[in-house]
Structure formats: C-alpha cells, structure tokens
Amino acid sequence: MSDPKPAGLATRAIHGHGLRDAHGSPHLPIYNTTTFAFASTADLLEVVDGRRPGSLYTRYGMNPGIVALEETLAGLEEAEAAWAFCSGMAAESALFLAHGRRGVVCVGDAYGGTLELLASQLPLLGIPTRFILGSELDRLESLLDGEGQLVFLETPTNPTLEIFDIAGIAARAHARGARLAVDNTFASPVNQRPLTLGADFVMHSATKYLGGHSDLTAGVLLGRREDLQPVWAWRKNLGTAIAPEVAALLARSLRTLVVRVRQHNASAQAIAEAMRAHPAIARVHYPGLPEAPGHALACRQMHGFGGMLSIEVRGDGAAATRVADRLRLFTLAPSLGGVESLVTQPCTTTHHGLSADERARRGIADSLLRLSVGLEDANDLIADLTQALR
Ligand SMILES: *Cc1c(COP(=O)(O)O)cnc(C)c1O
C-alpha cells in the first residue's frame, strides 16, 4: 500500500508530533522538571549513549515537551531535525560556533543583533566575518575563499523587504564548498521553506511569527540531522535550550500559525495597496506589489508575501516621526510578528547606530517607517494610517 499523502501545513502545525501523555491529553503537559529517573544504570546508559531516545536532563533539551515542539517545527520547515533555543540570538550563536568557524559571509541587511554578533564579537574569537549588500552579490565567490565557510542571509530583509534568490545563492555557496543558512523569521514557514530550495540551515526568532503574540522569547535552528548534531553540544554547554514552559507556550502558538500568517499576508497586501495610492506616501516596499523589484522572485520562492512592509513618507525624517507618533492602533515598538500592529522608524531604532551615509547606501531613507501588520481589521489599520498621514 502506498503511504498516505503527507498532511498539509495547518494539519502538521496541529498534529505535528506523535507524543501523547499517559492520560491521553491532546496536548502535552508541561514537564516542569530538571531531570528524569531511570530504572537502572543499564537503562540510563541506553539513553546517555543514544541507543534509545528518552528524557534525561532539561538543559540538554531532553524533555518531552521540548522534543514534541521540535518535531512539530521540523515538520513545518520540512527539516530532518530542529533544536529549540531560549532566543533567536541563541540559535544563531550556536550555529555560528558550530558551523561558522571557518568564516561567515553575511549577504544583505540583517537584524541588528546578528550584525553586532558578526561584526564585533565573532572576530574576538578569531572568526573572520564579511558583509556584502545585495547590490554587491557578484563579489560572493571572491569572499568564499576557503572550504567550509557559512553564508548567512535574511529574505525578505529588514527593513526594505529585499528578496534574495535562495536556490541561486545556495548553488553558488555549494560550488565553493560553503553552506547557506537562512534567517526565515520574516517569512515564517507558512510563506517560505528555504530547506526545500537548497539552503542547509534555517534559523528563526520564534519570538516573532512563530510565537505570534509578543509574549515569549525563543529561537529555532533546523536542518539535516547530521549537520545539527554538532550544534546540539554547543546548545547543551552554552546552556541555551528553550525552557519547558516557553516550549509549551510556543507549541500552543504553532497551532494557529497558518491562519495567523495567512491573515497577516492578506492585511499587509491591503495596506500596501492603500498606501501606494496615498498622496503623502512616496514609496511602498512590499514584495506583494507587482512593481516591487523582488516580486517575480518572491512569486517563485514564496507562498505568501508576509506581514511586514515599509512605507516612505513624503518629506524628511521628522515628518515620518510625526506620522509614527500620531498612529494610535500601530504601537511604537521595535519588534514584529505579533497579533498587534507595530511601527518603527529604522533610522531612530534598528538602524540608529549606522551613519546617515551607511543608511543611504543600504537604501534606508530617514522617512522610512516599518510596519508589522497585526491581526486587527485591515480597514481600521488603513484608517489609522490615513488619519496619521493627514
Ligand atoms: C528578532 C530577530 C532576531 C533575534 O531574535 P531574538 O529572539 O530577539 O533573539 C533575529 N533575526 C531576525 C530577523 C529578527 O527579527
């Protein structure tokens, strides 16, 4: 008999792990314990030596709730394996320490914490790190000058929503003996699954869409089982596994991930179209608009265009600040991916540390506002933007 058709994404988000507790609870309880008992030393060694799966110690991630969460996450990203961490930065740090020691090349704009880790901290350990913008992508091969390097990128990027060709860059990295890691935080696995396009690793700040309610901090790293094995020891000894309580909260959030992200996509598209027609807006950055530079590529590699967009207000940075300060439903806060809509002005927050010239080189106008479109009624969000732009 042939295997049943693999379940769809929403089904996997809800039934993604096969674990049940002794009472048949449809959701695993929180195993709020640091350690687990064994019947005998022989039995303990079976688990310690990896001859059978089992729970051992929560800092190792060997806790039923953490393992169930990781199975669900792996199913969503079509990965062989996943490790859950206490933050997105913890997942990234473990990735770079395990697989980036020969050097990391960061392509395009990236999250501020990522840029700081790569530019200021990994070099303290002797790890060479290099940066190229999307406009300099032809230099990629010249930077991949040794075996075993790691290419790291986000797509769509923050805050200009640039789209990178995951399959194309993966092939170029592989041809130089390097591997590709994609920060898939902005897209979420609902909109994009980089491992199916040739990436070797996917990383998420689960603090954003995966958690989705701005009430938890967590991270995930996914990939081939063999590649994730060395990362496990780093997570164990850095002590950065996710906590059981947070794992349960995140597992709860994943059950609604697909419906949430589809609504984020639809509302962001509606807002992008309304803003594009607004006389006080000079430019809208959203891959779902047909005129966006990354639109054709996004249509090929994404299943939805996401809930993030940026608008350039006509006028200077001060004009954009006035708009941000006048918004009522959009909360002024530097995060994304939650049920509530948020606004940030990159030149005053995420990209405040860069010089004006460097921001200009990256295409980040002072008049740019980044919107994380939440799950309020899209018409109310459009009305809020319209009153603030008046
Ligand atoms: C927030 C974020 C991170 C860092 O995640 P934390 O969970 O805050 O550690 C990394 N990458 C992107 C794209 C992010 O938005």
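Residues numbered from 1 in each chain as written. Predicted model: local features only at pLDDT ≥ 70, side-chain atom pairs only at ≥ 80, totals over all residues. Heavy atoms only, no water.

A.B. asks: Hey, could you run me through the nonpolar core in this one?
C.D. replies: For soluble globular proteins, the rule of thumb is that nonpolar side chains tend to be buried together. Among the nonpolar cores identified, the biggest contains 32 residues, and Ile-271, Val-284, Leu-309 and Ile-311 are the most heavily contacted of them. When contributions to this core are tallied by element, the ones reaching two or more residues are helix H11 (257-276), strand S8 (281-285), helix H12 (295-301), strand S9 (308-313), helix H13 (317-326), strand S12 (368-372) and helix H15 (378-389). When residues in this core are grouped by element, the largest group, five residues, is from H15. In this view, Val-284 contacts Ala-272, Met-275, Arg-276, Leu-289, Leu-309, Ser-310 and Ile-311; residues no more than four positions away in its chain are not counted. Val-190, Ile-242, Leu-257 and Val-258 belong to the second largest nonpolar core, which has 31 residues in total. (Core = buried A, V, L, I, M, F, W, Y, C linked by side-chain atoms within 4.5 Å. Buried < 20%, exposed > 50% of the residue type's maximum accessible area, 1.4 Å probe, protein only. Helix = DSSP H or I, 4+ residues; strand = E, 2+ residues; numbered from the N terminus. Contact = heavy atoms within 4.5 Å.)

A.B. asks: Even after reading the chapter, I still don't get the domain arrangement of the protein, so can you show me in this structure?
C.D. replies: Where interface size is given, it is often the accessible area lost as the parts come together that is meant. Here the domain parsing of the protein yields domain 1 (9-252) and domain 2 (257-389). Taking the mean C-alpha position of each, domain 1 and domain 2 sit 27 Å from one another. For the pair domain 1 and domain 2, the two sides together bury roughly 3000 Å², of which 61% comes from carbon and sulfur. Ionic pairing is found between Arg-361 and Glu-136, a salt bridge with its closest N-O pair at 3.1 Å. In this assembly, domain 1 and domain 2 are joined by 14 residue pairs in polar contact (both at pLDDT 80 or more). Sorting elements by how many residues they give to the side of domain 1 that touches domain 2 places helix H8 (residues 188-191) first, with four residues. Here the side of domain 1 that touches domain 2 is built from residues that sort into 19 nonpolar, 10 polar and five charged. (Domains from an automatic or database assignment. Buried area = accessible area lost by both parts, 1.4 Å probe. Salt bridge = Lys/Arg side-chain N within 4 Å of Asp/Glu carboxyl O. Polar contact = N/O pair within 3.5 Å; in protein donor to acceptor, adjacent residues only side chain to side chain. Nonpolar A, V, L, I, M, F, W, Y, C, P; charged D, E, K, R; others polar.)

A.B. asks: Mind showing me how you'd approach the sheet that holds strand S7 (residues 219-223) here?
C.D. replies: Pairing between the strands of a sheet comes from backbone hydrogen bonds, and it takes one of two forms, parallel or antiparallel. Taken in spatial order, the seven strands make up an open sheet running S1-S7-S6-S5-S4-S2-S3, and their pairing is mixed. Looking at strand neighbours, the two that pair on one side only are strand S1 (81-85) and strand S3 (129-132), the edges of this open sheet. Neighbouring strand axes in the sheet, compared pairwise and without regard to direction, differ in orientation by 20 degrees on average. Across five bridges, S1 lies against S7 in antiparallel orientation. Directly across from Trp-83, in S7, lies its bridge partner Leu-221. (Pairing = 2+ DSSP bridges. Axes fitted to C-alpha atoms, helices over the stretch in contact; angles between N-to-C directions.)

A.B. asks: For this particular structure, what's the right way to read the packing of aromatic side chains?
C.D. replies: Two aromatic rings are characterised by how far apart their centres lie and by the angle between their planes. Under the defined criterion, the tally for this structure stands at four aromatic pairs. Seen from their ring centres, Tyr-60 and Trp-232 are 5.9 Å apart, and the 80 degrees between their planes marks the pair as edge-to-face. Pair noted here: Tyr-60 is in the loop between helix H2 (41-48) and helix H3 (64-77) and Trp-232 is in helix H9 (residues 225-238), with a separation of 172 residues, a long-range link. Put simply, the rings of Tyr-57, Tyr-60 and Trp-232 pair up and form one aromatic cluster. It is Arg-235 that lies over the ring of Phe-85; its NZ or CZ is 5.8 Å from the centre. Of note, Lys-236 hangs over the ring of Tyr-60, and the distance from its end group to the ring centre comes to 4.9 Å. (Phe/Tyr/Trp six-rings, centres within 6.5 Å; stacked < 30°, edge-to-face > 60°. Lys NZ or Arg CZ within 6 Å of the ring centre and 35° of its normal.)

A.B. asks: Would you mind going over the pattern of salt bridges with me for this structure?
C.D. replies: Close approach of charged atoms lets side chains of opposite charge pair. Within the structure shown, the criterion is met by 16 salt bridges. Arg-52 is paired through a salt bridge with Asp-43; the nearest N and O atoms lie 2.8 Å apart. Here Asp-366 ties to Arg-359 by a salt bridge, and the two come within 3.3 Å at their closest N and O atoms. A residue is classified by how much of its surface remains accessible, and Asp-366, at 33% relative accessible area, is partly exposed. Salt bridges here are not isolated pairs; linked through shared partners, they connect Asp-109, Glu-136, Glu-358, Arg-361 and Arg-362.

A.B. asks: Explain the site of the ligand to me, please; I cannot follow it from the model alone.
C.D. replies: As a matter of local geometry, the ligand sits amid 14 residues, with Met-89, Asp-183, Ser-205, Thr-207 and Lys-208 nearest to it. With respect to the ligand, the backbone of Gly-88 contributes an N or O atom lying 2.9 Å from an oxygen atom. Within the side chain of Lys-208, a nitrogen or oxygen atom sits 2.7 Å from an oxygen atom of the ligand. Notes on the ligand: free accessible area 380 Å², of which the protein chains cover 92%. Looking at the shell around the ligand, the elements with two or more residues in it are helix H4 (88-99) and strand S6 (201-205). The leading source of residues in the shell around the ligand is H4, at three residues. Taken together, the residues that form the shell around the ligand break down as five nonpolar, five polar and four charged. (Near = heavy atom within 4 Å. Areas by Shrake-Rupley, 256 points an atom, 1.4 Å probe, with all protein chains shown as cover.)

A.B. asks: In this structure, what is going on with the sheet that holds strand S11 (residues 342-344)? I would like to understand it.
C.D. replies: On the basis of which strands lie adjacent, the open sheet formed by five strands has the order S8-S9-S12-S11-S10 and mixed pairing. Pairing within the sheet leaves two strands with one partner each, and these edge strands are S8 and strand S10 (331-332). Bridging between S8 and S9 involves four bridges; their strand directions are antiparallel. Across the sheet, Val-284 pairs through a bridge with Ile-311, a residue of S9.

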